[in-house]
Amino acid sequence: MTQYLDAKTMPDFFGKRFNSVPLKVAASVIVFIFLIPYTASLYNGLSSLFGLVFDIPYWVVILVMAILTGFYVIFGGYMATAINDFIQGIIMLFGICAVIGAVLMDNGGLLKATQKLSAVPSEGWTGGAFTSFLGPDPLALLFVVILTSLGTWGLPQMVGKFYAIKSEKDIHKGTVISTVFAIIVAGGCYFLGGFGRLYSDKIAINEATGKPLFDTIIPTMLSTLPAIIVAIVIVLVLSASMSTLSSLVLTSSSTLTIDLIKPIMKEKMDEKKQLITMRIFIAVFLIISVVLAIITLENPQTVISTLMSISWGALAGAFLAPFMYGLFWKGVTKAACMASFIAGVGITVIHMAYYTLAGHTGTLWGINLASPINAGAFAMLFGLVLVPIVSLITRQSDADKAHAEKVFECYNDSEI
């Protein structure tokens, strides 16, 4: 459908799928604003790791990363990003395996490490909480899985990579390759994170609150490993971060240029002008992200997962439902799509203001209402319910029905 509509970005898809310029503009603004906190969270993670290993001020690491990313995205464009992603993906596959092996050996092997983990106490448990299948808080685990797994289906920087697929054959190859990659890398990260509890007595403490600084858990785990493994990890994290950073920067700048600036320009924008505009937005996006990263690092209470959850909650909460339903159901209306945009962003912003910034707490049916992870997952699930309901209540005009019929003709063409 994307190829048939000649959609270059996710907002472009919404605009052409629903024949609506307002939807396209609204989506492009949401993308630019809410990719910034995610980018800042990546800078924060990198600076924590580099600062621990090399004793470098975090702002220096952030600045260098921004310049490096900007350099190869500005001068290399989409193909440079794709080639880098491929190389960095291979590094990630080997790197995560090496790190897991090293952490387990540092704790006496898998059996000994698991025994140590089973002895870690948890509220309401006499022992074995962190070696049980679902852990001491299954609901929290469920929301993490929803946010990090379901959320990727509605993120513009993830979806945009599929727009470059050349043929049906490549889709099948890509399905197998990406699934194996996800099992090893994502599965490895979940597995590795579980053993973070073994280092709870070694991580830094926030002097103001007396609580542990959670973002220092992984760097603390790595600080106990041999130098060669630490070097592999540095390359691994750098690869993963630069791969994601380049996608975020490219997605954000191309979205604003193609979906927002180009349509409102009175004079026709040729490719050269588009390229210059995109490069300007790349620089603007990087500067804002760097400033936000430095500000949040100054506040030790801001954790990486908070920034990521705010970004993913707003983006996937807004886009996931209308994107998925829009691919398979002709009856999705413009009103339903806009309602999802408003709900996803609204839930995220209200939650951020009331809980994250104002510091309120609360629980409902055992669910931590203050958790931005839970809020992000809820925004996605809410959209999946909201879009069909609004679509059934609101009616499509005859022109909209005819447009949907025309769009869905692409599925009848085996040549696409």
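Residues numbered from 1 in each chain as written. Predicted model: local features only at pLDDT ≥ 70, side-chain atom pairs only at ≥ 80, totals over all residues. Heavy atoms only, no water.

A. Here's a closer look at the overall build of the protein. When helices and strands are tallied, the protein shows 15 helices and two strands. When each of the 416 residues of the protein is scored for burial, the buried share is 45%. Pairs at least 24 apart in sequence give 78% of the contacts found in the protein among residues at least 6 apart. Accessible area of the protein: about 21300 Å², with a carbon and sulfur share of 70%. (Helix = DSSP H or I, 4+ residues; strand = E, 2+ residues; numbered from the N terminus. Buried < 20%, exposed > 50% of the residue type's maximum accessible area, 1.4 Å probe, protein only. Contact = heavy atoms within 4.5 Å. Areas by Shrake-Rupley, 256 points an atom, 1.4 Å probe, with all protein chains shown as cover.)

B. Broad picture of the confidence of the model for the protein. Within the protein, residue pLDDT values average 81, and 87% of them lie at 70 or more. For the protein, the element scoring lowest by mean pLDDT is helix α10 (residues 227-264), at 70; helix α14 (residues 372-393) scores highest, at 94. (pLDDT = per-residue confidence, 0-100.)

C. Region of the structure containing the nonpolar core. Judged by nonpolar contacts, the single largest core of 92 residues is most densely connected at Phe14, Phe319 and Phe341. Ignoring sequence-local partners within four residues, the contact set of Phe14 consists of Asn19, Leu23, Ala27, Phe319, Pro322, Phe323, Cys337 and Phe341. (Core = buried A, V, L, I, M, F, W, Y, C linked by side-chain atoms within 4.5 Å.)

D. How the structure looks around a nonpolar patch on the surface. Taken together, the side chains of Ile83, Phe86, Ile87, Ile90 and Phe94 define a hydrophobic patch exposed on the protein surface, amounting to about 540 Å² of accessible area. Structurally, the position occupied by Phe86 is in helix α4 (residues 58-106). When its relative accessible area of 58% is taken as the criterion, Phe86 is described as exposed. (Patch = residues over 30% accessible without salt bridge, like charges linked within 9 Å, V, L, I, M, F, W, Y side chains within 5 Å. Salt bridge = Lys/Arg side-chain N within 4 Å of Asp/Glu carboxyl O.)

E. The arrangement of the packing of aromatic side chains in detail. Evaluated as defined, the whole model comprises 12 aromatic pairs. Here Phe191 and Phe195 contribute two aromatic rings whose centre-to-centre distance is 5.2 Å and whose plane-to-plane angle is 70°, an arrangement assigned as edge-to-face. With relative accessibility at 37%, the residue Phe191 sits in the partly exposed group. The lysine or arginine in question, Arg17, covers the ring of Phe18, its NZ or CZ lying 4.7 Å from the ring centre. (Phe/Tyr/Trp six-rings, centres within 6.5 Å; stacked < 30°, edge-to-face > 60°. Lys NZ or Arg CZ within 6 Å of the ring centre and 35° of its normal.)

F. Just the pattern of salt bridges, in detail. The full count for this structure, using the stated rule, is five salt bridges. Note that Asp12 is salt-bridged to Lys24, the shortest N-O span being 3.5 Å. Separated by 12 residues along the polypeptide, Asp12 in helix α2 (residues 10-17) and Lys24 in helix α3 (residues 21-54) bring together distant segments of the chain. Grouping residues by exposure puts Asp12 and Lys24 together as buried. Across the pair Glu405 and Lys330 runs a salt bridge whose closest N-O atoms are separated by 3.1 Å. You can see Glu405 sitting in helix α15 (residues 398-407) and its partner Lys330 sitting in the loop between α12 (304-328) and α13 (334-357), a full 75 residues away along the chain. By relative accessible area, Glu405 is classed as partly exposed at 44%.

G. Region of interest: the packing of helix α6 (residues 138-150) against α14. Two numbers describe how α6 lies on α14: the axes approach to 8 Å, and their chain directions differ by 65°. With respect to the hand of their crossing, α6 and α14 are arranged in left-handed fashion. Contacts from Phe143, Val144, Ile146, Leu147 and Leu150 of α6 reach α14 at Ile373, Asn374, Gly376, Ala377, Met380, Leu381 and Leu384. Residues that form the contact of α6 with α14 fall into these classes: 10 nonpolar, two polar and no charged. (Axes fitted to C-alpha atoms, helices over the stretch in contact; angles between N-to-C directions. Left-handed = near helix turned anticlockwise from the far one by under 90°. Nonpolar A, V, L, I, M, F, W, Y, C, P; charged D, E, K, R; others polar.)

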